Each structure stands twice: as C-alpha cells, then as structure tokens.
Amino acid sequence: MIQAVKTIRIYILSLLLCQCGGVVAVAQSAAENATVQVEQHASIKALNGAVEIDNATGKAVDVAVFAITGSLVKQVTIDSGESLRIELPSGYYIVKAGDTSKRVAVR
C-alpha cells in the first residue's frame, strides 16, 4: 500500500511539474496533500472439511455461509485482522464476508 501511494505521488508530482512549467513548490504541496485509499477485502479459502476466512478489511465483518440450496448454515462476526475456520461437511457453499462473496467446494 505504501508503494502505491509513493507511485501515485510521483505521478502527480510529474504531471504538475509538466503543467506548471517546473514550479516545484506547488507540485510538492499538491503531492503531499493527495491521499489514496486502497480498499482491502476479506479472503475466503476452501480447505479439506472447512472454509477459512481472513479479515484484512480494517473493521469487523459479518460472515454468512449458505448451502448451495440457499439455506443459512452459519453466521458469525469476525474482528479486523482475525482468521476464522468453519468446519463443514463436504459440499458446495456460498460464503459472504463483508462485501466479498465466493462459491467454494468443501471436500
């Protein structure tokens, strides 16, 4: 994330230098005030006999596991930076964690 911010700042700085005829003070000030927000998502992985959810969003997320038929199997909330392993019988499931959804096959 830090590398992306530095890259964008350099890009903004070079654009401003080209447009301002080399006025470094204006370009430097604009580059320092530019902010970039990188959105992070929860990751969902199917394991043997389970599903694992890693929450890298920076906030607590609601997790819902649905059977392929649409019935709710499990619903929990996990805090930021935590991982959760949910044991499940073999089958197909839809897992929703925050704004991330994924279809998984548990074996």
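Residues numbered from 1 in each chain as written. Predicted model: local features only at pLDDT ≥ 70, side-chain atom pairs only at ≥ 80, totals over all residues. Heavy atoms only, no water.

Draft legend 1. A look at the side chain of Thr 100. Within the fold, Thr 100 resides in strand E7 (residues 100-106). On the basis of relative accessibility, which here comes to 16%, the residue Thr 100 falls in the buried class. Those residues in contact with Thr 100, other than ones at most four positions away along the chain, are His 41, Ala 42, Ile 44 and Val 95. (Helix = DSSP H or I, 4+ residues; strand = E, 2+ residues; numbered from the N terminus. Buried < 20%, exposed > 50% of the residue type's maximum accessible area, 1.4 Å probe, protein only. Contact = heavy atoms within 4.5 Å.)

Draft legend 2. Quick peek at the sheet that holds strand E1 (residues 43-47). Taken in spatial order, the three strands make up an open sheet running E1-E2-E5, and their pairing is antiparallel. Two strands close off the open sheet at either side, each with one partner strand: E1 and strand E5 (83-87). Across the sheet, the axes of successive neighbouring strands diverge by a mean angle of 20°, strand direction being ignored. Both strand E2 (residues 50-54) and E5 contribute to a ladder of five bridges, which runs antiparallel. Bridged to Glu 52 within E5 is Arg 85. (Pairing = 2+ DSSP bridges. Axes fitted to C-alpha atoms, helices over the stretch in contact; angles between N-to-C directions.)

Draft legend 3. Structural context of the confidence of the model for the chain. Counting all residues, the mean pLDDT for the chain is 79, and 64% of those residues have values of 70 or more. Taken as a whole, residues 1-7 scores under 50 in pLDDT and shows two contacts with residues more than four places along the chain or in a different chain. pLDDT under 50 marks residues 15-27. Its contacts with residues more than four places away, or in other chains, come to eight contacts. (pLDDT = per-residue confidence, 0-100.)

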